[in-house]
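One-letter residues, chain by chain:
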Amino acid sequence: MALPRSVLLIITGSVAAYKSLELIRLLKARGVAVTSILSKGGAKFITPLAVSSLTGTKTYDDLFSLTDEVEMGHIELSRVADVILVAPASANIIAKMAGGIADDLATTALLATNKPVIIAPAMNHKMWHHAATQRNLAQLKKDGVRVIEPTEGDMACGEFGMGRLAEPADIIKALEQFRSGALSGKRAIVTSGPTQEAIDPVRYIGNRSSGKQGHAIAEALANAGADVTLIHGPVLLPTPHGVTAIEAHHADAMLAAVEAALPADIFVGAAAVADWRPATTASQKLKKQNMLDTLTLEFVPTLDVLGSVAQHKNRPTLVIGFAAETDQVAVNARAKRLRKQCDWLLANDVSTAVFGADDNEVLVISAEGEETWKRQSKADIAAKLVEKIVHHFSATKLVKGKSA
Ligand code: CTP
């Protein structure tokens, strides 16, 4: 997959700043032009000389340097590269970006740019989990900033937890996927989140799905250049950048929305669609006559969205389902893949926390075989799935090319 031709790398104050030197080395080795801004905090950990030795260009560090402004103004600097990458991104710059503060060269460039922005955060795990940081990250994602999630491990401060800068090689992978164009020209439909089946105007039967996995897949597909329609139930998540979102709150509405969005090349059914809905929905709130009243509801099955897509006359080339299992995960999931006639099925063991969690472990089942993707962030699972999809389409193209 292709990397951007040029990157403006902003290095901010984190002990992980030393890893940005390795990142520059890897980018340069792949032919990417790198220009760098070293923030005041970043300069406490590495020197402009070290950065320039690797980029082969001037390292910018001061907003009000007249010489720099003559050479290249800060507005121009913010727009020369294909992409701005902030790595490591400290909690401080994340907060400033979320608030639109521009008090140094790095933050001014970030505010003035018309180019996509990607950040790779690095900080202490308490800072990462702090409500303010999470709020700022949510705001940045809403603003279209892509986040390369940090990893979990031993920290420089001696503590253990989430917040380590993603490894330079993984940052490169994320950059590759970012609008790589590998799936440009392909249409994808993704379902995500739970459904709510109404009992009466105030009550419903639903499930614990958060939509995090489905939304991450929609985002990763869009980053790879696909034209993505995300059909989702009630979720508390922002619409991923570059994705067309349609809300469908109950199973029948979800099926109707998916059928209306066909044809597509790729379908990913990540939604936790209700299997049953109440046989009737009361038009008025059900009332209890006295405190001891019990209520018996009759449920009827809903239509299967994934199964219907797999058997549709406009069946997408690649139909991918999920399986939420609490026991005999592999056995049940294998049977489910065949029953629903999907090409690949990603099985989750939901007896442990999966719904609402930020990470996931899946067993991927296809006609070609099975593989386990160990526990990792839902964003990483999404990236792996998109990598597999890209590989599938390029392999199909090769086979077609041969037989032509
Ligand atoms: N699915 C769907 N429509 C439904 C039910 C499920 O599209 N009405 C899809 C889900 O999006 C998922 C796959 O089917 O991709 C499997 O969902 P899961 O809940 O694991 O299985 P069920 O079909 O509900 O079967 P069971 O409850 O027996 O495990």
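Residues numbered from 1 in each chain as written. Predicted model: local features only at pLDDT ≥ 70, side-chain atom pairs only at ≥ 80, totals over all residues. Heavy atoms only, no water.

### Brief notes about the domain arrangement of the protein
Reasoning step 1: Once the domains are mapped, the protein shows domain 1 (6-179) and domain 2 (187-403).
Reasoning step 2: Look at where the C-alpha atoms of domain 1 and domain 2 centre, and you get two points 34 Å apart.
Reasoning step 3: On the side of domain 2, 12 residues touch domain 1, which itself brings 8 residues to the contact.
Reasoning step 4: Of the roughly 950 Å² buried at the junction of domain 1 and domain 2 (both faces included), carbon and sulfur atoms supply 50%. (Domains from an automatic or database assignment. Contact = heavy atoms within 4.5 Å. Buried area = accessible area lost by both parts, 1.4 Å probe.)

### Remarks on the nonpolar core
Reasoning step 1: Among the nonpolar cores identified, the biggest contains 32 residues, and Leu183, Leu221, Val228, Val268, Leu385 and Ile389 are the most heavily contacted of them.
Reasoning step 2: Listed by contribution, the elements that provide at least two residues to this core are β9 (187-192), α10 (212-223), β12 (227-232), β14 (266-269), β17 (318-325), β18 (344-349), β19 (359-366) and α14 (378-403).
Reasoning step 3: Ranked by residues supplied to this core, first place goes to α14 with 7 residues.
Reasoning step 4: Residues contacting leucine 183, with those up to four places away along its chain left out, are Leu221, Ala224, Gly225, Ala226, Val386, Ile389, Val390 and Phe393.
Reasoning step 5: Ile11, Ala16, Ala122 and Ala166 belong to the second-largest nonpolar core, a separate cluster that totals 28 residues. (Core = buried A, V, L, I, M, F, W, Y, C linked by side-chain atoms within 4.5 Å. Buried < 20%, exposed > 50% of the residue type's maximum accessible area, 1.4 Å probe, protein only. Helix = DSSP H or I, 4+ residues; strand = E, 2+ residues; numbered from the N terminus.)

### Quick notes on the site of the ligand
Reasoning step 1: Surrounding the ligand, one finds 16 residues, the nearest of these being Gly269, Ala271, Asp275, Leu306 and Lys340.
Reasoning step 2: Within the backbone of alanine 271, one N or O atom sits 2.6 Å away from an oxygen atom of the ligand.
Reasoning step 3: Between the ligand and the protein, one listed contact pairs a nitrogen atom with a side-chain N or O atom of threonine 302 at 3.4 Å.
Reasoning step 4: A total of 580 Å² of accessible area belongs to the ligand in isolation, and the protein chains cover 79% of it.
Reasoning step 5: The element best represented in the shell around the ligand is β17, accounting for 4 residues.
Reasoning step 6: In terms of residue class, the shell around the ligand is built from 9 nonpolar, 3 polar and 4 charged. (Near = heavy atom within 4 Å. Polar contact = N/O pair within 3.5 Å; in protein donor to acceptor, adjacent residues only side chain to side chain. Areas by Shrake-Rupley, 256 points an atom, 1.4 Å probe, with all protein chains shown as cover. Nonpolar A, V, L, I, M, F, W, Y, C, P; charged D, E, K, R; others polar.)

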